[in-house]
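# Residue-level structural notes
Next come the chains, spelled out residue by residue.
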Amino acid sequence: MLSVLVIDSDVRTRNFLGALLAKLGHEMESTALAKEGYISSLRNRPNILIFDPHVQDMPSVELIQKLRADKRTAQVYCIALAARQDDALRSQLLAAGCNEYLLKTADTAQNLGNLINQVAGMSEERTQAKNQGGLLSVFLSAKGGTGTSSLCANLSQSIANQQTGMRMAVMDLVLPIGSIAAITGSQTKHNIVSVASESTQTPSASEISNLMVRPENWNFHLLAGSPDPELANNLDPRKIPELIRSVRLAFDYTAIDLGRSLSRISLPIIQEADAVVVVVSADLNTVEMTKTILDYLQLKGLQVQRTYIIMNRAVGLEGLSKSDVERIIGLQVQATIPYMGGNFTLANNQHLPVLKKFPNDTAALMVDQAARQILEIARQSRAMQT
């Protein structure tokens, strides 16, 4: 059962929504004023907010901004229910963090019912993960060649080193071919495709832990990616959520390398993650593509406070500055990994963490610092959901 707050000055709308929500088995609180609704949201932390975007006593964009800025309400699912179309306001609300913008039509009951049932399913999954699974970070980029997989492996190594006894897992979901096994020198017959296809039943937490290998010199267990593109065609995407759930039950922290994959498979994983690490290089094309992806993910409910942006100068000193990148994407770059010459490649070729191979290199130290910050973001994000 979900708690739903309705903000609408029209008593007929409030009565209609009250009857609909009661039929669906959810609780409703309502008010005619946005200011009262905002205070109620802070106090009662509803699962869903349904509001009239043309409410008079507070600009609706300001209402959404306030809710997203407060950790008590940052996760509330916000649905604008408008009596008339307003494209400009719709764009502003979605940019501010509103999840959906619907019109009051003859199909309102069906559309809202479907959406609320979807949110109820998402809430149940989050509760299960929160109560039973370890922290989750995902690593992605807008374009290949940004060093996402290398950073995923090295940052996961440093995250595991932050706390004695932490059980760390890395899953390589880069398709059609993974690379973390090659980076770490892992030799294993098991990979994401074979584990997903070997049995009709998803491995339990203990079983999947036994299937994963701990590479020499690395402080995490790895579920390797697809070893070749042809094999990747055999991957059943329906198995991925259950595999992730099993891994999270077995480990304190799971990092997933998505590479530059943004699809129906990866989007739910990103939405579920406690921390989303976005790797960007210094060239203009990649930065502009990153801006597009970040805007899209925010429209899909990704809160800025769960995002960690790393600028990786993987190929040289040329390119945009940190301030240029921030100006284009409109968000802060939390870490910059300086150019290491051939050192990063040398560490990868020797299957060693860069911090172990070059412990005094500035870039290696930046990786360690970024790992601390990512771990803190993941912990804060999880705490906000409790």
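For the structure, check the block above.
Let me begin by describing the structure that accompanies this report. What you see is a predicted model, and the numbers here were worked out from it, not measured in a lab.

### Some details on the packing of aromatic side chains
All chains considered together, the criterion is met by 1 aromatic pair. Taking the centre distance of 5.6 Å and the plane angle of 55° together, the rings of W218 and F220 count as tilted. Comparing W218 with F220, the two get one shared label, buried. Against the face of F251 rests R167, its NZ or CZ located 4.4 Å from the ring centre.

### What to know about the environment of L346
Within the fold, L346 resides in helix α15 (residues 343-349). C-alpha separation for the pair L346 and K357, spaced 11 residues apart in sequence, amounts to 8.8 Å. Once residues within four sequence positions are removed from consideration, L346 is found in contact with K357 and F358.

### Notes on helix α17 (residues 362-384)
Helix length check: α17 (23 residues) gives 33 Å between terminal C-alpha atoms against 33 Å at 1.5 Å per residue, within 8%. Measuring from the side-chain oxygen of the N-cap residue of α17 to the backbone nitrogen of A363 gives 2.8 Å; that N-cap residue is D361.

### With respect to the sheet that holds strand β2 (residues 27-31)
Spatial ordering of the open sheet is given by β2-β1-β3-β4-β5, a layout of 5 strands whose pairing is parallel. Only two strands of the sheet have a single partner each, and these edge strands are β2 and β5 (100-103). For this sheet, the mean angle separating the axes of adjacent strands, direction not counted, is 20°. For strand β1 (residues 3-7) and β2, the ladder comprises 5 bridges, and the chain directions are parallel.

### Focus: the sheet that holds strand β7 (residues 168-172)
Pairing in this open sheet of 7 strands is parallel, and the strands run β8-β7-β9-β6-β10-β11-β12 from one edge to the other. Looking at strand neighbours, the two that pair on one side only are β8 (221-223) and β12 (335-337), the edges of this open sheet. When the angles between neighbouring strand axes are averaged without regard to direction, this sheet yields 20°. Bridge count for β7 against β8 is 3 bridges, and the pairing is parallel. Counterpart to M171 in the pairing with β8 is L223. Together, β6 (135-141), β9 (253-259), β10 (275-280), β11 (307-312) and β12 form the strand contacts of α17, whose direction differs from that of β6 by roughly 125°.

### Regarding the pattern of salt bridges
This structure, assessed with the given rule, holds 14 salt bridges. For the salt bridge of R238 with D236, the shortest nitrogen-to-oxygen distance reads 3.1 Å. Take R238: its relative accessible area is 69%, and that puts it in the exposed class. For the salt bridge of R382 with D274, the shortest nitrogen-to-oxygen distance reads 2.9 Å. Remark: D274 occurs in the loop between α12 (266-272) and β10 and R382 occurs in helix α17; sequence separation between them is 108 residues. Several salt bridges share partner residues, and in doing so they unite R248, E272, D274 and R382 into one network.

Definitions and limits used
- Residues numbered from 1 in each chain as written.
- Predicted model: local features only at pLDDT ≥ 70, side-chain atom pairs only at ≥ 80, totals over all residues.
- Heavy atoms only, no water.
- Phe/Tyr/Trp six-rings, centres within 6.5 Å; stacked < 30°, edge-to-face > 60°.
- Buried < 20%, exposed > 50% of the residue type's maximum accessible area, 1.4 Å probe, protein only.
- Lys NZ or Arg CZ within 6 Å of the ring centre and 35° of its normal.
- Helix = DSSP H or I, 4+ residues; strand = E, 2+ residues; numbered from the N terminus.
- Contact = heavy atoms within 4.5 Å.
- Expected span 1.5 Å × (residues − 1).
- Polar contact = N/O pair within 3.5 Å; in protein donor to acceptor, adjacent residues only side chain to side chain.
- Pairing = 2+ DSSP bridges.
- Axes fitted to C-alpha atoms, helices over the stretch in contact; angles between N-to-C directions.
- Salt bridge = Lys/Arg side-chain N within 4 Å of Asp/Glu carboxyl O.

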